[in-house]
Amino acid sequence: MRNKKLMQYGTVIVVCILVGAVIALLMKNVNASDLGSKSLQELQNQIIEYQRKNEELNNRNARLYDYIRELERGEGESYLLVMEEREKFATFAGLRAVKNDGVVITLSPIGNYMVQDALVRQFTNELSALGAQAISINNERKVTTTEIRTSRENIMINGIAFSRSEPFEIKAIISPTKIDSFVVPYLQSVSESIKKQLGEESVAITVRSEKEIIIPALSEDRIGYAMDLLEPAD
Amino acid sequence: MNNLKWKRIFAIVASLLIGLGVASVVKDLTSMAAEDDVGAEVVRAREELAIEEANFKSLQMQNDQLEARKKLILDSLSEQGVLSEAIAEHGKFAMIAGLTDVKGRGVVITLDDKPDYDPLKDPIESVIHDSTINYVINILWAGGARAISFNDVRLTAISEINCVGPTILTYGVRQMPPYVISAIGPVDDLVEIVRSDSYLARLTQTEIGIRLNVSQEPEVVLPSFLKSRDYSLYMDLLETP
């Protein structure tokens, strides 16, 4: 009888020791592998980011060096170089009309529904994240200073009021290689989820790809041209 | 009887602790070699990162010198009356495009997640998302801002701010909180538009807990976009109609 009891105690103690050992091993494994791989992964991400930045900067310095050499050589070359770079800056700033393949998104309010600024912003932000290089909303070029903000029955874009009861057309130039394979299906899935959120009877959203879209330049009377509060810092 | 029960409980707890202790020692001994390997990889990665950082600094210094040289030549051509109109427009368009360093009166807005954010208890809005940043930037433009940077990355016509998982990226550059948005513009209007915004007021309530600070600055200096990325990569699809 006593032997049986001792056996029972012994078994319980051995099982407890094993359970304790298993818990300890599991906890150590999770903590150690998590911390080690996390910091290593973080460092590797930083290295990749710096390598990309260095490659870009190296290429830019090489181009800048050539540009300076050409400028120093003088004559007619300088004029061409300055004019060419001036046009690049203007195009990048949205001050020149541009064309290429892209997508057109139309937001048409249904019934008494009024288009929300957040909806227009969501699509322009999605397009930027998808790599759009030029965007217009109702033919207003999106530039650095462009606001998209509700003001009563209108949405203000570059200081111009657009009625929230009328359709909004967003055009974007985007890499032709991914328009049909990725951009249009993705934007259509975004539209579907928005429609579910807002209800079917709120806004009709269409997304289509289009060849040779023309995106207009910013008009010269818009605030995007204003530099009155800026001073060169160098 | 009670005494026996306590003895049993004590025996079980003691056995568990012995198990934990033994396993811990065994694990320490066996994993020491593996940890050494991970540690060595971390050290190597740190060294590699230090080299890349040093390269970056040196390339940036070279870039500053080249930009200064270019500016000197353009200024000198302009002073000689050669290309002065083209050079003036060149400078103006570069400034509008966000490709020069600029300064002026402005505001600095700092946004940070709720302290000790708990994903199980706190609402999802307690963490700053790309949409929060884009929202603040949009109201600053609406308030008349002339130039904005986000965590020292200058914003351009295509302000690419988006989330990949939990990380916010600006033109592919990873950002970490606190998020700092600096804007040059009509200071009073900018402060007013941020302070009177109902959405931001809701975010900063205790239950959501976003930390928002707005400060007026007599001089804000914003870096050129060129300090972060190469602008030509963002316009290679644009053709003249």
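The following refers to the structure shown. These numbers were taken from a predicted model, which means no experiment stands behind them.

Conventions we followed
- Residues numbered from 1 in each chain as written.
- Chains lettered and ligands numbered in written order.
- Predicted model: local features only at pLDDT ≥ 70, side-chain atom pairs only at ≥ 80, totals over all residues.
- Heavy atoms only, no water.
- Helix = DSSP H or I, 4+ residues; strand = E, 2+ residues; numbered from the N terminus.
- Buried < 20%, exposed > 50% of the residue type's maximum accessible area, 1.4 Å probe, protein only.
- Pairing = 2+ DSSP bridges.
- Contact = heavy atoms within 4.5 Å.
- Axes fitted to C-alpha atoms, helices over the stretch in contact; angles between N-to-C directions.
- Core = buried A, V, L, I, M, F, W, Y, C linked by side-chain atoms within 4.5 Å.
- Patch = residues over 30% accessible without salt bridge, like charges linked within 9 Å, V, L, I, M, F, W, Y side chains within 5 Å.
- Areas by Shrake-Rupley, 256 points an atom, 1.4 Å probe, with all protein chains shown as cover.
- Salt bridge = Lys/Arg side-chain N within 4 Å of Asp/Glu carboxyl O.
- Parallel < 35°, antiparallel > 145°, perpendicular 65-115°, else oblique.
- Left-handed = near helix turned anticlockwise from the far one by under 90°.
- Nonpolar A, V, L, I, M, F, W, Y, C, P; charged D, E, K, R; others polar.
- Buried area = accessible area lost by both parts, 1.4 Å probe.
- Expected span 1.5 Å × (residues − 1).

What about unusual backbone geometry?
Here comes step 1: The omega angle of the peptide bond from Pro177(B) to Pro178(B) is 0 degrees, so this bond is cis rather than trans.
Here comes step 2: With respect to the element layout, Pro178(B) can be found in the loop between strand S6 (173-175) and strand S7 (179-184).
Here comes step 3: If you check the backbone angles, Glu212(A) has positive phi at about 50 degrees while not being a glycine.
Here comes step 4: Of note, Glu212(A) is situated in strand S8 (residues 203-215).
Here comes step 5: In this model, Tyr171(B) sits at a positive phi of 50 degrees, which is unusual for a non-glycine residue.
Here comes step 6: Look at Tyr171(B) and you get buried, because its relative accessible area is 1%.

Overview of the sheet that holds strand S1 (residues 98-109) of chain A
Two modes of strand pairing occur in sheets, parallel and antiparallel, and in both the strands are linked by backbone hydrogen bonds.
All names here are of chain A.
Here comes step 1: Taken in spatial order, the five strands of this open sheet run S3-S2-S7-S1-S8, and their pairing is antiparallel. One side of each edge strand has no neighbouring strand; the edge strands of this open sheet are strand S3 (140-141) and S8.
Here comes step 2: Sheet topology places strand S2 (residues 134-137) next to S3; two bridges connect them, and they run antiparallel. Paired with Ile137 across the strands is Glu140, a residue of S3.
Here comes step 3: Contacts from helix H4 (residues 176-198) reach S1 and S8, with the element oriented near 155 degrees to S8.

Re the sheet that holds strand S5 (residues 154-157) of chain A
Residues and elements named next belong to chain A.
Here comes step 1: With antiparallel pairing, the three strands of this open sheet are ordered in space as S4-S5-S6. At either end of the open sheet lies a strand with only one pairing partner, and these are strand S4 (148-151) and strand S6 (160-163). Averaged over all pairs of adjacent strands, the angle between their axes in this sheet comes to 35 degrees, without regard to strand direction.
Here comes step 2: Of the pairings in the sheet, the one linking S4 to S5 comprises four bridges and is antiparallel in character. Pairing of Ile148 across the sheet is with Ile157, part of S5.
Here comes step 3: Across the sheet, helix H3 (residues 117-129) touches S4 and S5, and the angle it forms with S4 is around 175 degrees.

Focus: the nonpolar core
Here comes step 1: Counting 58 residues, the largest nonpolar core has Leu99(B), Ile109(B), Leu111(B), Ile133(B), Leu140(B), Ile148(B) and Ile181(B) as the members making the most contacts within it.
Here comes step 2: No other element matches the seven residues that helix H3 (residues 130-142) of chain B contributes to this core.
Here comes step 3: If we skip the residues at most four places from it in the chain, Leu111(B) touches Ile128(B), Ile133(B), Val136(B), Pro178(B), Tyr179(B), Ile181(B), Ile210(B), Arg211(B) and Leu212(B).
Here comes step 4: Core analysis: the second largest hydrophobic core is formed by 31 residues, Ile137(A), Ile174(A), Val184(A) and Val203(A) among them.

Looking at a nonpolar patch on the surface
Residues and elements named next belong to chain B.
Here comes step 1: Taken together, the side chains of Trp6, Ile9, Val13 and Leu17 present a nonpolar region at the surface, about 420 Å² in accessible area.
Here comes step 2: Residue placement: Val13 occurs in helix H1 (residues 2-79).
Here comes step 3: On the basis of relative accessibility, which here comes to 44%, the residue Val13 falls in the partly exposed class.

Considering the environment of Val203(A)
All names here are of chain A.
Here comes step 1: Within the secondary structure, Val203 sits in strand S8.
Here comes step 2: Assessed through its relative accessible area of 0%, Val203 is described here as buried.
Here comes step 3: Those residues in contact with Val203 that sit more than four places away from it in its chain are Leu107, Ser108, Pro109, Ile110, Tyr113, Leu119, Lys195 and Leu198.

As for the pairing of S6(A)
Residue and element names in this part refer to chain A.
Here comes step 1: Pairing of S5 with S6, which is carried by four bridges, proceeds in the antiparallel orientation. Note that in S6 the partner of Met156 across the bridge is Ala161.
Here comes step 2: Between S5 and S6, which follow one another and run antiparallel, lie two residues, and Asn158 among them has a positive phi close to 55 degrees.

Focus: the packing of H3(B) against helix H4 (residues 187-195) of chain B
All names here are of chain B.
Here comes step 1: Running from N to C, H3 and H4 point in directions that differ by 140 degrees, and their axes come no closer than 9 Å. Relative to H4, H3 is oriented oblique. Crossing hand, H3 versus H4: right-handed. On the side of H3, the interface is formed by Ile139, Leu140 and Ala142, while H4 contributes Leu190, Ile193 and Val194.
Here comes step 2: Taken together, the residues of the contact of H3 with H4 break down into six nonpolar, no polar and no charged.

As for the environment of Ser58(B)
All names here are of chain B.
Here comes step 1: In this structure, Ser58 sits in helix H1.
Here comes step 2: When its relative accessible area of 43% is taken as the criterion, Ser58 is described as partly exposed.
Here comes step 3: Residues Ser58 and Val107, spaced 49 residues apart in sequence, show a C-alpha to C-alpha distance of 31 Å.

So, the interface of chain A and chain B
Here comes step 1: Residue-level contacts link 92 residues of chain A with 94 residues of chain B.
Here comes step 2: Counting the surface lost from both chain A and chain B, the interface buries some 8700 Å², and carbon and sulfur atoms represent 65% of this.
Here comes step 3: Linking chain A with chain B are nine salt bridges, by the criterion used here.
Here comes step 4: The partner of Glu49(A) in a salt bridge is Arg174(B), and the shortest N-O contact between them spans 3.1 Å.

Concerning H3(B)
Residues and elements named next belong to chain B.
Here comes step 1: The end-to-end C-alpha separation of H3 is 18 Å, in line with the 18 Å expected for 13 residues at 1.5 Å each.
Here comes step 2: Among the 13 residues of H3, 10 are classified as buried, and the element is accordingly described as predominantly covered.
Here comes step 3: Along H3, the residues that are buried comprise Thr132, Ile133, Asn134, Tyr135, Val136, Ile137, Asn138, Ile139, Leu140 and Trp141.

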